Amino acid sequence: MNIKEIWDRAQLNSLENFILYEADGYKESAKKGYTQRLDEADANMNRFFEEHIKDPKEREKLIEYYYQQAEEYMEVYFEIGLLLGAKIEHQISLRMEEMEDILKRKNRIKARIKARRRSGD
(Lines give C-alpha, C1' and ligand atoms only; values in the text may rest on other atoms or scores of the structure.)
Protein backbone atom coordinates (compact mmCIF):
# COMPACT_ATOMS: atom_id res chain seq x y z
CA MET A 1 0.00 0.00 0.00
CA ASN A 2 1.45 3.37 -0.93
CA ILE A 3 1.25 6.61 1.05
CA LYS A 4 -1.64 7.99 -1.04
CA GLU A 5 -3.71 4.87 -0.37
CA ILE A 6 -2.98 5.17 3.36
CA TRP A 7 -3.99 8.85 3.24
CA ASP A 8 -7.20 8.07 1.34
CA ARG A 9 -8.13 5.27 3.76
CA ALA A 10 -7.64 7.48 6.83
CA GLN A 11 -11.33 8.07 7.34
CA LEU A 12 -13.28 7.91 10.57
CA ASN A 13 -15.44 5.13 9.17
CA SER A 14 -12.36 3.04 8.35
CA LEU A 15 -10.98 3.56 11.84
CA GLU A 16 -14.37 2.78 13.36
CA ASN A 17 -14.67 -0.48 11.36
CA PHE A 18 -11.15 -1.46 12.37
CA ILE A 19 -11.76 -0.80 16.06
CA LEU A 20 -15.30 -2.18 16.32
CA TYR A 21 -15.08 -5.16 13.99
CA GLU A 22 -11.37 -6.07 14.18
CA ALA A 23 -10.94 -5.74 10.43
CA ASP A 24 -8.13 -7.50 8.60
CA GLY A 25 -4.73 -6.33 9.66
CA TYR A 26 -5.16 -6.74 13.41
CA LYS A 27 -1.91 -8.02 14.90
CA GLU A 28 -1.34 -9.97 18.07
CA SER A 29 1.83 -7.91 18.57
CA ALA A 30 -0.38 -4.90 19.29
CA LYS A 31 -1.10 -6.52 22.68
CA LYS A 32 2.58 -6.18 23.61
CA GLY A 33 4.03 -2.94 24.92
CA TYR A 34 6.18 -0.76 22.70
CA THR A 35 9.36 -1.51 24.63
CA GLN A 36 8.80 -5.26 24.46
CA ARG A 37 8.08 -5.16 20.73
CA LEU A 38 11.19 -3.08 20.03
CA ASP A 39 13.39 -5.23 22.26
CA GLU A 40 12.21 -8.42 20.53
CA ALA A 41 12.77 -6.95 17.07
CA ASP A 42 16.24 -5.75 18.06
CA ALA A 43 17.17 -9.14 19.53
CA ASN A 44 15.95 -10.94 16.38
CA MET A 45 17.96 -8.58 14.15
CA ASN A 46 21.13 -8.98 16.22
CA ARG A 47 20.73 -12.76 16.27
CA PHE A 48 20.30 -12.83 12.49
CA PHE A 49 23.40 -10.69 11.86
CA GLU A 50 25.49 -12.73 14.30
CA GLU A 51 24.49 -15.96 12.56
CA HIS A 52 25.09 -14.70 9.02
CA ILE A 53 28.00 -12.27 9.35
CA LYS A 54 30.90 -13.69 11.31
CA ASP A 55 33.27 -10.70 10.99
CA PRO A 56 32.40 -8.31 13.89
CA LYS A 57 33.59 -5.19 12.00
CA GLU A 58 31.54 -6.05 8.92
CA ARG A 59 28.55 -6.89 11.13
CA GLU A 60 28.81 -3.52 12.94
CA LYS A 61 29.01 -1.70 9.61
CA LEU A 62 25.88 -3.45 8.32
CA ILE A 63 24.01 -2.83 11.58
CA GLU A 64 24.89 0.87 11.36
CA TYR A 65 23.48 1.06 7.81
CA TYR A 66 20.41 -0.80 8.96
CA TYR A 67 19.80 1.64 11.81
CA GLN A 68 20.27 4.63 9.49
CA GLN A 69 17.60 3.29 7.17
CA ALA A 70 15.31 2.34 10.05
CA GLU A 71 15.65 5.83 11.52
CA GLU A 72 14.66 7.42 8.20
CA TYR A 73 11.61 5.15 7.97
CA MET A 74 10.70 6.00 11.54
CA GLU A 75 10.85 9.73 10.86
CA VAL A 76 8.79 9.47 7.66
CA TYR A 77 6.09 7.31 9.25
CA PHE A 78 6.00 9.55 12.31
CA GLU A 79 5.32 12.55 10.08
CA ILE A 80 2.68 10.60 8.15
CA GLY A 81 1.07 9.59 11.45
CA LEU A 82 0.91 13.21 12.56
CA LEU A 83 -0.72 14.22 9.28
CA LEU A 84 -3.23 11.36 9.49
CA GLY A 85 -4.01 12.29 13.09
CA ALA A 86 -4.64 15.89 12.03
CA LYS A 87 -6.91 14.69 9.22
CA ILE A 88 -8.92 12.52 11.60
CA GLU A 89 -9.10 15.35 14.16
CA HIS A 90 -10.49 17.63 11.45
CA GLN A 91 -13.14 15.05 10.58
CA ILE A 92 -14.04 14.71 14.25
CA SER A 93 -14.40 18.48 14.63
CA LEU A 94 -16.73 18.56 11.61
CA ARG A 95 -18.81 15.80 13.17
CA MET A 96 -18.90 17.68 16.47
CA GLU A 97 -20.21 20.79 14.70
CA GLU A 98 -22.86 18.64 13.06
CA MET A 99 -23.80 17.15 16.44
CA GLU A 100 -24.10 20.62 17.96
CA ASP A 101 -26.48 21.61 15.15
CA ILE A 102 -28.54 18.45 15.74
CA LEU A 103 -28.73 19.16 19.49
CA LYS A 104 -29.81 22.76 18.85
CA ARG A 105 -32.50 21.52 16.47
CA LYS A 106 -33.65 18.96 19.04
CA ASN A 107 -33.86 21.64 21.74
CA ARG A 108 -35.88 23.94 19.46
CA ILE A 109 -38.32 21.11 18.73
CA LYS A 110 -38.64 20.32 22.44
CA ALA A 111 -39.29 24.00 23.19
CA ARG A 112 -42.03 24.15 20.51
CA ILE A 113 -43.67 21.01 21.85
CA LYS A 114 -43.55 22.39 25.40
CA ALA A 115 -45.01 25.72 24.23
CA ARG A 116 -47.82 23.97 22.36
CA ARG A 117 -48.64 21.87 25.42
CA ARG A 118 -48.81 25.00 27.57
CA SER A 119 -50.97 26.85 25.10
CA GLY A 120 -53.25 23.82 24.74
CA ASP A 121 -53.76 23.50 28.53
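Residues numbered from 1 in each chain as written. Predicted model: local features only at pLDDT ≥ 70, side-chain atom pairs only at ≥ 80, totals over all residues. Heavy atoms only, no water.

Undergrad: How would you summarise the overall build of the protein if you had to cite specific residues and measurements?
TA: Along the protein, the regular secondary structure elements total four helices and zero strands. Reading the protein from its N terminus to its C terminus gives the helix and strand order α-α-α-α. Classification of the 121 residues of the protein by burial places 10% in the buried group. Within the protein, contacts between residues at least 6 apart in sequence are counted, and of these 51% link residues at least 24 apart. When the accessible surface of the protein is summed, it comes to about 10900 Å², and 56% of that surface belongs to carbon and sulfur atoms. (Helix = DSSP H or I, 4+ residues; strand = E, 2+ residues; numbered from the N terminus. Buried < 20%, exposed > 50% of the residue type's maximum accessible area, 1.4 Å probe, protein only. Contact = heavy atoms within 4.5 Å. Areas by Shrake-Rupley, 256 points an atom, 1.4 Å probe, with all protein chains shown as cover.)

Undergrad: Got a sec to walk through helix α4 (residues 56–120)? Specific residues and values, please.
TA: For α4, which comprises 65 residues, the first-to-last C-alpha distance of 92 Å matches the rise-based estimate of 96 Å (1.5 Å per residue) to within 8%. Taken residue by residue, α4 has Arg 59, Ile 63, Ile 80, Leu 84, Lys 87, Ile 88 and Gln 91 as its buried positions. (Expected span 1.5 Å × (residues − 1).)

Undergrad: Give a description of a nonpolar patch on the surface that names residues and reports values.
TA: Side chains of Ile 3, Tyr 73, Val 76 and Tyr 77 sit close together on the surface and give an oily, nonpolar patch of about 400 Å² of accessible area. Tallying contributions element by element places α4 first for the nonpolar patch, with three residues. If you trace the backbone, Tyr 77 turns up in helix α4. (Patch = residues over 30% accessible without salt bridge, like charges linked within 9 Å, V, L, I, M, F, W, Y side chains within 5 Å. Salt bridge = Lys/Arg side-chain N within 4 Å of Asp/Glu carboxyl O.)

Undergrad: For a positive patch on the surface, give the residues involved together with the corresponding values.
TA: Together, Lys 104, Arg 105, Arg 108, Arg 112 and Arg 116 line one region of the surface with positive charge. If you trace the backbone, Arg 105 turns up in helix α4. (Lys, Arg positive; Asp, Glu negative; His and termini not counted. Charge placed at Lys NZ, Arg CZ, Asp CG, Glu CD.)

Undergrad: Talk me through the packing of helix α3 (residues 34–52) against α4; I want residue IDs and the actual numbers.
TA: Packing of α3 against α4 leaves a shortest axis separation of 10 Å and a crossing angle of 145°. Crossing geometry of α3 relative to α4 is assigned as right-handed. Along its contact with α3, which presents Asp 42, Met 45, Asn 46, Phe 49 and Glu 50, the element α4 presents Arg 59, Leu 62, Ile 63, Tyr 66 and Tyr 67. In terms of residue class, the contact of α3 with α4 is made up of six nonpolar, one polar and three charged. (Axes fitted to C-alpha atoms, helices over the stretch in contact; angles between N-to-C directions. Left-handed = near helix turned anticlockwise from the far one by under 90°. Nonpolar A, V, L, I, M, F, W, Y, C, P; charged D, E, K, R; others polar.)

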